[in-house]
Every structure is written in structure tokens, then in C-alpha cells.
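Geometric and topological summary
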Amino acid sequence: MNALVPLPVLLPLCATGLSLAFGTRLKQFQRFISVAVLTAVLGLSVALMIAADMNGPLSVHLGDFAPPLGITLVADRLSGLMLTVSSAVTLCVLVYSLGQGMADRDEETPVAVFHPAYLILVAGVSCTFLAGDLVNLYVGFEIMLVASFVLLTLGGTGPRIRAGSTYVIISLFSSMLFLTAIAMTYAATGTANFAQLAVRLTELPLGVQTLIQAMLLTVFAIKAAVFPLAAWLPDSYPTAPAPVTAVFAGLLTKVGVYCMLRTETLLFPGNRLGDLLMAAALASMVVGILGAVAQTDLKRLLSFTLISHIGYMVFGIGLATREAYGGAIVYVVHHITVQTTLFLVAGLIERRGGTTELTRLGGIAKAAPLLAVLFFVPAMNLAGIPPLSGFIGKLGLMRAGVADGSVWAWILVIGSTATSLLTLYVMAKVWNLAFWRTAPPGQAVDGTVLESDDDSDDDTDEGPDRMPGTGDEGVRPRHEPAGRAVAATLHGHAVTTTTRLPRLMTWATAATVALGLAFTVFAGPLTSYTDRSAAELIARVPYIEAVLGR
């Protein structure tokens, strides 16, 4: 079974080569490769999760080089669960993108590049979850960075290039900081292997340990978009195509949370920076949700709720108890699914209504009742309405806070409750404006251009045809019969909305909704599994023994 551990990384990388070799000429083959490989990765992830739960952590030393020389990959309960959920979500998003590409009749080069870049992104995510050392973790981050920049800038439109540039600058800064932290760690301990670091870091002076811990936390907090290191996110994600935004918002920030969870439990037990983490958690919750309240564009609103709910996960990490870690893991897997679903729904709303500006939407519940259901279920899940999985995760975290009994814990419990109520208010606002009320006068019926290759900052036209807040400033709507073209394509050409949503996109979104509901239906087994994962994280010994063979 150990031989299966590298496959979630190797399969997407090998498939990328095939996709690049044949994709421009055999587009159907390219799509088949992508779907087949991600399906295989999902099956492997489930197998690794079950094996790690039954037999303990699985490890493999590539090239049979023992630490600290070789590359070590490790699959334990936490990484197995993260791999499984991320594989399921990335598969659903890929199917959604296939539906969007076929509906948009995208046959141009940027779409041929989408599949290789997407597969590389999946490989980077898998590498991060399985990394058994800091260097390999850094490599996983860089793989994700390269693929992310390609995906963010698909089509080469002005807003996407600007957003991608901001994202790359922030990512490169965090990468430099990460390299510095790795160099300091290796200089102090002689290794970058997690299992060896778990033993050797305790022998260092407390000040050196704290410095290394603070640097690593800063890097991972940037990746996770923890306040005050989250200012880049609301401007970077909303400009990308819907499937790209969905997988970024749902998954990439959770990679940072996963790394915080892994290092805080394995490398730095004792919760020395717990108060700092809880302060950051509270700030993320409050600032994020207040930012969401102030938004009228759905994508930016969801971006701010993403920042806010990262605070719940950091809350659990800051408490550093078994119950808190279990609640944080539940909330991570819940949020991956729900946040991805909401951004996919936002893409469908944009396609149906011509914009994500809430003040210009209305009547969707009557015009597209299925779309209304696809939004309502994850929205209530995000708000934590019982008995959905969002409520289960929040309840676990709040119970852990009450059991801890410290001042910070009680402040976070109160902050979590207020954030949850404000999230419900925000979701109710979206529902009332976009779905429940009567469609406002002037809402596009025949279709409205959302984005154009000719996007330019030089266009200063202030006429009535401008669409502020949607990323298409300076683009004049062009009306065509509904259904001839659609909104927000992968290649960024000028397109129009459609009244009939593509089936494949709708089915993929429905699948992510069903996955979120599955966490509710199987809440008992899920919480039991996450409790065992939390116990294994705190124990540390099973992980160390699996890697070092002691």
C-alpha cells in the first residue's frame, strides 16, 4: 500500500505531458485524460485514507534514500482526508469547466492550456498534502504558484493580468520568506524532514524555536489569507473564470490551513503562539464578515466570507486541544466543499443574469428555481444552520472553546456566534436581492457582454452601457438571442448570457451540493474520523515511527 502514496502526485504530472502533447490536436482526448486521471486520483485518495485509518500512517522514501537526504511522502489520516475531499472537489470543478468550455465553443489555445495547468495544480496540491519535509512542501507550493498564475490569467484580459500580477507578487514574497525559514531550520537542526524536526527542534533554544515557528506561520497565514495578510484575495479571485475562482477559493487557502495544522501539532507542540493565533482568528472573522456585509458584488462578497471563515479554522488551531483540532478538521473539509459550490453557483448566476452585481439582479428564484436551490443549500450550510455540516463544525469549535475556558476562548466563542449570524444576514441579502425580489427594470433578457479582449484602461466612457463592479468597465453590452453565447468564458472573449444553463455545469454544481450534504448525512462517521485524526496529530509518535522506522 505504501507504493500508492506517490501516485496522487505522479499521475497528474504524467497526464500533463500527454495533455500538452496531444491536447491541441485531440481536444476530446485531452478532456478524457483529465477526467480519467482525476477520477483515478480520487480512488487512490480514498484507498489511502482508509489504509491510513486502519493501519496508521503510510510513508515512502523516493529513491530509497533515507531522511534527511531523500524525498519523503507521508499519508496519515489528516492528509488522506484532505486528499479525498480535494480530489472530489477538483473533479467536480473540472466537469464544470468542461461544460463551460463546450457551451462557450472554446476551441482556442488558452483552453487547450487550461487542462495541463489544472492537472499541474492538482499535482501541487497533492504534493503539499503528502509532503514529509519542508523542502518538498516548498516544491508543492511552487508547483501550485506556476499553475495558479496560468489559470488566473487565462485569456489575457486586463483585469485578469492585474489580479494575476498581484497574486504572483504576494506568492513570491511568501516563497522567499519560506525559503529563509527552511534555511534557518536546516542550519539549526541539520534536516528539513518533519519527523526528524519533531525530535530535534525541541533541543533548540526557545527563542530559536519561536522565531522559526513565527516565520513558518507567517508564510502559511499568507497562503491561507488570514487577516491582516489577506488583502490580496478579494482583488485576485473574482476576476478569474468561474471554475478557477471556485477551486482557488475552496481549496488553495485550505492548503495554508493544513500546513498550519501540520506544523503546529508535529513541529511545535505546546501552543506557544496560541494567543496570537486566536487574535488573528478573531480579526479574520470580524473584518472578513464586515467586508462581506459592505459588498454588492457576489464574487467579492464570497471572497470576504472566505477570509472570515478561515478564522474558524485558525480558532481551532489556536486552542490546540483534541476537540478543537477535530472541529477544525471538520470545518476545513466542510468549507472546501461549500465555498467551492458557492463560487460555482456565482458563475451560473453570472451566466444567467449577465452580472454578479446584486443591485442589478432579481427574480432568479422564479426564472431558474433549480439555480435557487443550488444556492440556498450551501448558503445555509455556510451560515451554520442546523443540522448541516457547517453547524456541526462550528458547534465542535465552540464546545472546545467553552471547555478551554480561557478569556481568549470565550471571546472567540462570542465572535464565532456573531460571525455566524452576520453570515446568515449576508446570505439572506444575496437571496433577497438576486433571487426573491422582482427583477429590476433594465435587467438583460437577450444577453449582456461580460468581458472583452479589448479591455483597456484607456476607455473612459461613462455612458449608460458601462457595467461597474463586474470587471467589464468600458465594455458596451451587445444584445443577441439568448443561448447563442454565454458569460465569463475561459478565453476571455466578448460573450453574452444565456437563459438555459448548460447541463454539465448544473450537474457538476449539484454534485458539490450533494457532497456538502453528505457531510451532514454521515456526520457521525466524519466526526469520529476527525477525532481519531486529531488524536493522531497530538500523539505525533505514529507519524515519527512511520517515517523513521523506530
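Calculation criteria
Residues numbered from 1 in each chain as written. Predicted model: local features only at pLDDT ≥ 70, side-chain atom pairs only at ≥ 80, totals over all residues. Heavy atoms only, no water. Helix = DSSP H or I, 4+ residues; strand = E, 2+ residues; numbered from the N terminus. Buried < 20%, exposed > 50% of the residue type's maximum accessible area, 1.4 Å probe, protein only. Contact = heavy atoms within 4.5 Å. Phe/Tyr/Trp six-rings, centres within 6.5 Å; stacked < 30°, edge-to-face > 60°. Core = buried A, V, L, I, M, F, W, Y, C linked by side-chain atoms within 4.5 Å. Polar contact = N/O pair within 3.5 Å; in protein donor to acceptor, adjacent residues only side chain to side chain. Axes fitted to C-alpha atoms, helices over the stretch in contact; angles between N-to-C directions. Parallel < 35°, antiparallel > 145°, perpendicular 65-115°, else oblique. Left-handed = near helix turned anticlockwise from the far one by under 90°. Expected span 1.5 Å × (residues − 1). Pairing = 2+ DSSP bridges. Salt bridge = Lys/Arg side-chain N within 4 Å of Asp/Glu carboxyl O. Patch = residues over 30% accessible without salt bridge, like charges linked within 9 Å, V, L, I, M, F, W, Y side chains within 5 Å. Areas by Shrake-Rupley, 256 points an atom, 1.4 Å probe, with all protein chains shown as cover.

**Quick notes on the overall build of the protein**
Across its full length, the protein holds 20 helices and two strands. Here the protein, with 550 residues, has 62% of them falling under the buried criterion. Once local pairs closer than 6 in sequence are excluded, the contacts in the protein between residues at least 24 apart make up 81%.

**Digging into the packing of aromatic side chains**
Going through the model one piece at a time under the given rule, you end up with 13 aromatic pairs. Seen in terms of ring centroids, Y167 and W232 are 5.7 Å apart; in terms of plane orientation they differ by 65°. Their pairing is edge-to-face. Within this pair, whereas Y167 is found in helix α6 (residues 158-189), its partner W232 is found in the loop between α8 (206-224) and α9 (233-236), the two being separated by 65 residues in sequence. The same class applies to Y167 as to W232, namely buried.

**Digging into the nonpolar core**
F178 and F435 are the most contacted members of the largest nonpolar core, which has 168 residues in total. Counting residues per element, this core draws most heavily on helix α13 (residues 322-353), which supplies 17 residues. If we ignore the near neighbours within four places in the chain, the residues touching F435 are I349, G363, I364, A365, L371, A372, F375 and V430.

**A look at the side chain of S97**
Summarising the element assignment, S97 is placed in helix α3 (residues 77-103). The exposure class of S97 is buried, given its relative accessible area of 3%. For S97, the side chain forms a polar contact with the main-chain oxygen of L94, separated by 2.6 Å.

**Concerning unusual backbone geometry**
Put simply, F227 and P228 share a cis peptide bond, and its omega is 10°. Residue placement: P228 occurs in the loop between α8 and α9. At the junction of P386 and P387, the peptide bond is cis and its omega measures out at 0° in the coordinates. Residues other than glycine seldom take positive phi values, yet A320 does so here, at roughly 60°. For A320, the position within the fold is in the loop between α12 (298-319) and α13.

**Considering the packing of helix α16 (residues 389-404) against helix α17 (residues 407-436)**
The contact between α16 and α17 brings their axes to 8 Å, and the two run at 155°. Accordingly, the angle class assigned to the pair α16 and α17 is roughly antiparallel. Here α16 runs over α17; the crossing is left-handed. Listed contacts from α17 to K394, M398, G401, V402 and D404 of α16 are A409, W410, V413, S416, T417 and S420.

**Looking at the environment of S19**
Along the polypeptide, S19 turns up in helix α1 (residues 7-22). When the C-alpha positions of S19 and A117 are compared, they lie 9.7 Å apart, and in sequence the two are 98 residues distant. In this structure S19 touches Q30, I33, H115, P116 and L119, once residues within four positions along its chain are discounted. A polar contact is formed between the side chain of S19 and the side chain of Q30, at a distance of 3.1 Å.

**Comments concerning helix α2 (residues 27-55)**
Between the first and last C-alpha of α2 there are 42 Å, a value that for 29 residues agrees with the 42 Å anticipated at 1.5 Å per step. Count one or two residues on from α2 and you reach G56, which has phi positive near 95°.

**A closer look at α8**
With 19 residues, α8 extends 26 Å between its outermost C-alpha atoms, agreeing within 8% with the 27 Å of an ideal straight helix rising 1.5 Å per residue. Contacts from the buried residues of α8 go to α5 (134-152), α6, α10 (242-266), α11 (274-293) and α12. A225 lies just past α8 and shows a positive phi near 60°.

**Topic: the pairing of strand β2 (residues 71-75)**
Of all the five residues making up β2, four are buried; the element is thus mostly covered by neighbouring parts of the structure. Pairing geometry for strand β1 (residues 58-62) and β2, over five bridges, is antiparallel. If you follow V60 over to β2, its bridge partner there is L73.

**Brief notes about the environment of L382**
On the secondary structure map, L382 appears in helix α15 (residues 369-383). Remark: the alpha-carbon pair of L382 and L306, spanning 76 residues in sequence, is separated by 9.9 Å. Sequence-distant contacts of L382, that is, excluding residues within four places in its chain, are made with T305, H309, Y331, H334, H335, V338, Q339, L342, K394, T423 and M427.

**Here's the deal with the pattern of salt bridges**
It is possible for side chains bearing opposite charge to pair when their charged atoms get close. With the rule as written, the count across this model stands at eight salt bridges. In this structure, the salt-bridge partner of R262 is D76, at a minimum N-O distance of 2.7 Å. Of this pair, R262 sits in helix α10 while D76 sits in the loop between β2 and α3, and the two are 186 residues apart along the sequence. Taken individually, R262 and D76 each receive the classification buried, so the pair is uniform in this respect. A salt bridge links R322 to D531; the nearest nitrogen and oxygen atoms lie 2.7 Å apart. Linking R322 in helix α13 with D531 in helix α19 (residues 523-539), this pair joins segments that are 209 residues apart in sequence. Residue classification places R322 among the partly exposed positions, given a relative accessible area of 41%.

**Examining a nonpolar patch on the surface**
Residues F227, V286, V287, L290, L422 and Y425 make up a contiguous nonpolar surface patch of about 480 Å² in total accessible area. Going through the elements one at a time, α11 and α17 are the ones with two or more residues in the nonpolar patch. Looking at the nonpolar patch element by element, the count peaks at three residues for α11.

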